[in-house]
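Next come the chains, spelled out residue by residue.
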Amino acid sequence: MSVSDQAFVTLATNDIYCQGALVLGQSLRNQRLTRKLVVLITPHVSSLLRVILSRVFDEVIEVNLIDSADYIHLAILKRPELGVTLTKLHCWTLTHYSKCVFLDADTLVLSNIDELFERGEFSAAPDPGWPDCFNSGVFVFQPSLETHSLLLQHATDHGSFDGADQGLLNSFFSSWSTADIHKHLPFIYNLSSNTTYTYSPAFKQFGSSAKVVHFLGSSKPWNYKYNPQTGSVLQEGSGVVHQHQASFLNLWWSIYHRSILPLYESLRDEEEHASPGHTASLSGVGAPYANSASSAEEPCANSVPSAGETRANSMAGSSQPWPAEDPSELSVRVDETPPSPEGGHSEDVDLAVSISEISIQEKVKELSPEEDRRKWEEGHVDYMGKDAFARIQEKLDRFLQ
Ligand SMILES: O=c1ccn([C@@H]2O[C@H](COP(=O)(O)OP(=O)(O)O[C@H]3O[C@H](CO)[C@@H](O)[C@H](O)[C@H]3O)[C@@H](O)[C@H]2O)c(=O)[nH]1
Ligand SMILES: [Mn+2]
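Note that this is a predicted model, so its numbers are computed, not measured.

## Details of the sheet that holds strand β5 (residues 107-109)
The strands making up a sheet associate through backbone hydrogen bonding, with each pair oriented either parallel or antiparallel.
Piece 1. Taken together, 3 strands build an open sheet; the order of strands is β5-β9-β8 and the sheet is mixed. Since the sheet does not close on itself, it has two edges, and those belong to β5 and β8 (191-192), each with one partner.
Piece 2. Alignment of β8 against strand β9 (residues 212-214), held across 2 bridges, turns out to be parallel. Bridge pairing links Leu-191 to Val-213 in β9.
Piece 3. Relative to the sheet, helix α8 (residues 243-273) contacts β5, β8 and β9, its axis offset from that of β5 by approximately 80 degrees.

Spelled out as structure tokens, the structure:
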């Protein structure tokens, strides 16, 4: 079967959602990937993340709404909140593929889902909140410029009843709920992680056959903190995390820790070995990953994908090169265990260094030097910061002696 003209497609409009896209892409690669992997990004995504994305995805395609045709302009002017929504609709412009499966960046693939390519446009699973609507986090579609412009026209004429893509797509593909049962994907292809417990006998019966988990709603996996030593997310704060949800979150984070963080680290190594002339586009970017010692113990070579040549394609009229130096919006924090009170003199503290907490945050702008120093002393280290690597190296050297 010829499958090179079929693809899995996702979308990330900023560096934070890129973290989700990376884990999703890696989760697809972990399940005997037979189709191309495509990520749509917008100009806002930093050059660091574009490089990292290109290690996992076959194609990193920038879509630029501003340079697009006038009807998009009109739609945006009329309904500015549809910005991100319209970006998702750009997946219909991928006409070098005959059929695609779109997956939200907050989904995680648990087993091979190639059979979805046997379905036609428009196939999707019911939304758990209103099952007569489909959820637009996972769907099968057929790229077509005609459909694309009809969708945009629909957005201009009717807007969207939820202000986003799901409302728009449901009113556009309005016969979904009644016309053809083959276009109803089983719930196991879009299992919402936070509603599993609302019908727990069903989850008990069918949950083990789940193929795609969707972290829909406001708390995304990257909002949690993770302890790589226990392999679990830290359940602090108000929200109660149900057991099933916690195990999906743990799975997301274990992929992030095992396969995505090492990509940052290998990029940093490459940057160091590259000639100075070639480092310009990555300068100012530090690796967020401190614990080289422990990552070296893990056989992570298998999990680091060797994706095909990256094509930083430009669509919809945009052809700008990547910005030479733009700060990443995200910061990965690796917080160390605080020294124990009995720890004694300072050398013990360094030897006791162990990574107990990883979190992903939007980068905090410009701390004062005093604040910066206090954070460092407290163990809150901004590994994306300018001179972070020199400090990490010092620590590692002492640790390894
Ligand atoms: O700032 C953003 C927000 C969203 N996205 C992309 O758009 C998708 C949808 O957003 P998400 O935060 O995942 O929305 P959900 O919590 O899943 O909410 C629901 O409602 C959305 C709006 O209708 C639909 O897009 C979703 O599929 C549906 O599950 C994301 O996964 C990303 O791929 C970005 O790239 N950047
Ligand atoms: Mn989603």
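Additional details are given in the paragraphs that follow.
## Remarks on unusual backbone geometry
Piece 1. Looking along the chain, the bond that leaves Glu-121 and enters Phe-122 is cis, with omega of 0 degrees.
Piece 2. Of note, Phe-122 is situated in the loop between β5 and β6 (123-126).
Piece 3. The backbone of Arg-32 shows a phi angle near 45 degrees, a positive value even though the residue is not glycine.
Piece 4. Within the secondary structure, Arg-32 is located in the loop between α1 (15-29) and β2 (36-41).

## Thoughts on the site of ligand 1
Piece 1. Within the structure, ligand 1 sits among 21 residues, and Leu-11, Thr-13, Tyr-17, Asp-165 and Lys-220 are positioned closest to it.
Piece 2. One nitrogen or oxygen atom from the side chain of Tyr-17 is found 2.7 Å from an oxygen atom belonging to ligand 1.
Piece 3. The separation between an oxygen atom of ligand 1 and a polar side-chain atom of Lys-88 is 3.0 Å.
Piece 4. Here ligand 1 has 650 Å² of accessible area as a free molecule, and 82% of this is covered by the chains.

## Details of the nonpolar core
Piece 1. If you look at the biggest cluster of nonpolar residues, it comprises 61 residues, and the most contacted ones within it are Leu-103, Tyr-256 and Tyr-264.
Piece 2. Each residue touching Tyr-256, except ones within four places of it in the same chain, is listed here: Gln-19, Val-23, Leu-261, Pro-262, Tyr-264, Val-332 and Ile-360.
Piece 3. Grouped together as the second largest cluster of nonpolar side chains are 27 residues, Leu-94, Phe-122, Ala-155 and Phe-173 included.

## A short note on the coordination of the manganese ion (ligand 2)
Piece 1. For the manganese ion (ligand 2), the protein coordination sphere consists of Asp-104 (OD), Asp-106 (OD), Asp-106 (OD) and His-214 (NE2), at 2.2 to 2.3 Å.
Piece 2. Considering all 6 donor atoms around the manganese ion (ligand 2), angles at the metal cover 57 to 170 degrees and the coordination shape is irregular.
Piece 3. Along the chain, the residues donating to the manganese ion (ligand 2) fall in the pattern D-x1-D-x107-H. Pair noted here: Asp-104 is in the loop between β4 (99-103) and β5 and His-214 is in strand β9, with a separation of 110 residues, a long-range link. With respect to burial, Asp-104 and His-214 carry one shared label: buried.

## Here's the deal with the pattern of salt bridges
Piece 1. One pass over the full model with this rule turns up 10 salt bridges.
Piece 2. Put simply, Asp-58 and Arg-29 hold a salt bridge, and the shortest N to O gap is 3.5 Å. Taken together, the residues span a long stretch of sequence, with Asp-58 in the loop between α2 (47-56) and β3 (59-62) and Arg-29 in helix α1 at a distance of 29 residues.
Piece 3. Note on Asp-58: relative accessible area 11%, which makes it buried.
Piece 4. Across the pair Lys-88 and Asp-104 runs a salt bridge, and its minimum N-O distance is 2.9 Å. Taken together, the residues Lys-88 in helix α4 (residues 83-89) and Asp-104 in the loop between β4 and β5 connect sequence positions 16 residues apart.

## Digging into the state of the cysteines
Here a disulfide denotes one covalent bond, and it connects the sulfur atoms of two cysteines.
Piece 1. Inspection of every chain in the model, using the stated rule, returns 0 disulfides.
Piece 2. With no disulfide of its own, Cys-133 lies closest to Cys-91 among cysteine sulfurs, the gap being 18 Å.
Piece 3. Classification of Cys-133 by relative accessible area gives buried; the value is 17%.

## Observations concerning the packing of aromatic side chains
Piece 1. Tallied over the full model, the rule gives 19 aromatic pairs.
Piece 2. Each ring, one from Trp-253 and one from Tyr-256, has its centre 5.3 Å from the other, and the planes form 75 degrees; the classification is edge-to-face. With Trp-253 and Tyr-256 both in helix α8 and 3 residues apart, the pair spans about one turn of that helix.
Piece 3. You can call Tyr-256 buried: its relative accessible area is 0%.
Piece 4. Counting every residue linked through ring pairs, the aromatic cluster contains Trp-92, Phe-102, Phe-122, Phe-134, Phe-139, Phe-141, Phe-172, Phe-173 and Trp-176.

Parameters and conventions
- Residues numbered from 1 in each chain as written.
- Chains lettered and ligands numbered in written order.
- Predicted model: local features only at pLDDT ≥ 70, side-chain atom pairs only at ≥ 80, totals over all residues.
- Heavy atoms only, no water.
- Pairing = 2+ DSSP bridges.
- Helix = DSSP H or I, 4+ residues; strand = E, 2+ residues; numbered from the N terminus.
- Contact = heavy atoms within 4.5 Å.
- Axes fitted to C-alpha atoms, helices over the stretch in contact; angles between N-to-C directions.
- Near = heavy atom within 4 Å.
- Polar contact = N/O pair within 3.5 Å; in protein donor to acceptor, adjacent residues only side chain to side chain.
- Areas by Shrake-Rupley, 256 points an atom, 1.4 Å probe, with all protein chains shown as cover.
- Core = buried A, V, L, I, M, F, W, Y, C linked by side-chain atoms within 4.5 Å.
- Buried < 20%, exposed > 50% of the residue type's maximum accessible area, 1.4 Å probe, protein only.
- Donors = N, O, S within 2.8 Å, 3.2 Å for Na, K, Ca; no water.
- Tetrahedral: all angles 85-135°; square planar, octahedral: opposite > 155°, others 65-115°.
- Salt bridge = Lys/Arg side-chain N within 4 Å of Asp/Glu carboxyl O.
- Disulfide = S-S within 2.5 Å.
- Phe/Tyr/Trp six-rings, centres within 6.5 Å; stacked < 30°, edge-to-face > 60°.

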